[in-house]
Amino acid sequence: QVQLVESGGGLVQGGGSLRLSCAASRRTFSSPAMGWFRQAPGKERECVAAINWSGSNTYYADSVKGRFTISRDNAKNALYLQMNSLKPEDTAVYYCAAAAGKSTIKVAALEYDYWGQGTQVTVSS
């Protein structure tokens, strides 16, 4: 089974930037759609960005639209999330996820089969 590992989280001041990376231990062999989710204590997990297999279609939550950019490199089994103009409300654990065998874009968490352990993003005011 594929293992997803996030990196790039940390502590930044409001207005700062971070670039998250997600590396898969091996090729999924199932052309997965992928996404970034976040969850803060006491809040439900939400999809902040998603991308289809080819990378031609993307989704962004309204709260991050215009500030975050999702991208992928299938040859490297990698997923990225560039986060700019960070706000304190962006503070959460960020997870990458893969939806096996689903080429089209997916937003719902229930569509995803593989999850990373998460990376903490903390934005101070």
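All of these numbers come straight from a predicted model, not from anything done at the bench.

Visitor: So what about the pairing of strand S9 (residues 92–99)? Which residues, and what values?
Guide: Counting buried positions along S9 gives 8 out of 8 residues, so the element sits mostly inside the fold. The sheet contact formed by S9 and strand S11 (residues 119–124) spans 3 bridges and is antiparallel. Paired with Tyr94 across the bridge in S11 is Thr119. Pairing analysis gives 2 bridges linking S9 to strand S10 (residues 114–115), with the strands arranged antiparallel.

Visitor: Summarise the pattern of salt bridges; cite the residues concerned and give the values.
Guide: Following the criterion strictly, the structure yields 5 salt bridges and no others. Taking the shortest distance from any N to any O, the salt bridge between Arg38 and Glu46 comes out at 2.8 Å. Among the ionic contacts, a cluster of salt bridges with common partners joins Arg38, Glu46, Arg67 and Asp90.

Criteria and thresholds
Residues numbered from 1 in each chain as written. Predicted model: local features only at pLDDT ≥ 70, side-chain atom pairs only at ≥ 80, totals over all residues. Heavy atoms only, no water. Buried < 20%, exposed > 50% of the residue type's maximum accessible area, 1.4 Å probe, protein only. Helix = DSSP H or I, 4+ residues; strand = E, 2+ residues; numbered from the N terminus. Pairing = 2+ DSSP bridges. Salt bridge = Lys/Arg side-chain N within 4 Å of Asp/Glu carboxyl O.

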